[in-house]
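# Overview (structure and organization)
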Amino acid sequence: MTQTNCVLCGVSTNQDFCEPCILDLPQLPINHCPVCLWPVPTSEICGACLNKPPAFTRTIAALRYSFPVDALIHALKYRNHLSLASILANLLIKKLKTTNTLPDIIIPMPLHPIRLRERGFNQAMEISRYISKSMEIIVLPDSCSRIKHTLPQTGLPWKDRQKNIRSAFNCKINLSGKHVALVDDVMTTGATLNELAKVLRKHGAIEISNWVIARTLPEKSQIDSHPL
């Protein structure tokens, strides 16, 4: 095996992370809602998803969004460390290999043209590229577009996030009878993924899986305040 260095601590290893760093990565709670990944005691669908079902069917995330995963995602998105796209994708691919329900197609979360020009690449597309190759599932990068240049969702209250992202997406293909995987780097409240999922439903998608690198979750003391 080729020797390389651990992405996090730099020690010599034959994979992206050394064993101690892998074991230290922030994991999702064992018991969580299968739809949105919110912590629940019994791994059943949470009250919020039962009360107001989102347009997506399920969510699969590699890890919890906290250090050092947040730093890796930040380095990919804002510091142009494109080599991290494959490393982050591999963390998710490991999870996806254990799922029984695979989609027909992958659609990466689109960026508005203005933001795409600013950043120079779409991190969701870069991640999707590796997942598509590994899982042998076709990726359709141009099937959906972001037609509304929105404020960054980070920092906005939940209700404002819903309003901010409303009518932001367009889809131009027929998805009748298809199971679609939506790929993104981070799921925070799920508002953006849900808005795109609504559009895909209108175009015939019968099942929608969110595939994300990391899911933002609260500290244990905040679990009662579910935003969905």
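Here the structure is shown first, and the text comes after it.
The text that follows walks through the structure, step by step, so that each part is easy to find. Model, not experiment: these values are computed from the prediction.

Counted according to the given criterion, the structure contains four salt bridges. Between Glu126 and Arg129 there is a salt bridge, and its shortest N-O distance comes to 2.9 Å. One end of the pair, Glu126, and the other, Arg129, are both in helix α6 (residues 123-135), three residues apart, so they sit about a helical turn from each other. Taking the relative accessible area as the measure of exposure, Glu126 reaches 16% and is therefore buried. The exposure class assigned to Arg129 is partly exposed, which follows from its relative accessible area of 44%.

Moving on, we come to the environment of Leu50. Note that Leu50 resides in helix α2 (residues 47-51). With a relative accessible area of 59%, Leu50 lands in the exposed category. Taking C-alpha positions, Leu50 is 9.7 Å from Val35, a pair spaced 15 residues apart along the chain.

So, about the packing of helix α4 (residues 84-96) against α6. Between α4 and α6, the shortest axis-to-axis distance is 9 Å and the interhelical angle comes to 45 degrees. Judged by the inter-axis angle, α4 sits oblique to α6. Viewed along their axes, α4 and α6 form a crossing whose handedness is right-handed. Contacts from Ala85, Ser86, Ala89, Leu92, Ile93 and Leu96 in α4 reach Glu126, Ile127, Tyr130, Ile131, Ser134 and Met135 in α6. The class makeup of the residues in the contact of α4 with α6 is nine nonpolar, two polar and one charged.

Glancing now at the pairing of strand β4 (residues 105-108). Residues Ile105 and Ile107 of β4 are buried on one face, and the alternating residues Ile106 and Pro108, pointing to the opposite face, are buried as well. Across two bridges, β4 lies against strand β5 (residues 138-139) in parallel orientation. Each residue of the ladder has a partner; that of Ile105, found in β5, is Ile138. One ladder, built from four bridges, connects β4 with strand β8 (residues 179-187); its direction is parallel.

The rules we used
- Residues numbered from 1 in each chain as written.
- Predicted model: local features only at pLDDT ≥ 70, side-chain atom pairs only at ≥ 80, totals over all residues.
- Heavy atoms only, no water.
- Salt bridge = Lys/Arg side-chain N within 4 Å of Asp/Glu carboxyl O.
- Helix = DSSP H or I, 4+ residues; strand = E, 2+ residues; numbered from the N terminus.
- Buried < 20%, exposed > 50% of the residue type's maximum accessible area, 1.4 Å probe, protein only.
- Axes fitted to C-alpha atoms, helices over the stretch in contact; angles between N-to-C directions.
- Parallel < 35°, antiparallel > 145°, perpendicular 65-115°, else oblique.
- Left-handed = near helix turned anticlockwise from the far one by under 90°.
- Contact = heavy atoms within 4.5 Å.
- Nonpolar A, V, L, I, M, F, W, Y, C, P; charged D, E, K, R; others polar.
- Pairing = 2+ DSSP bridges.

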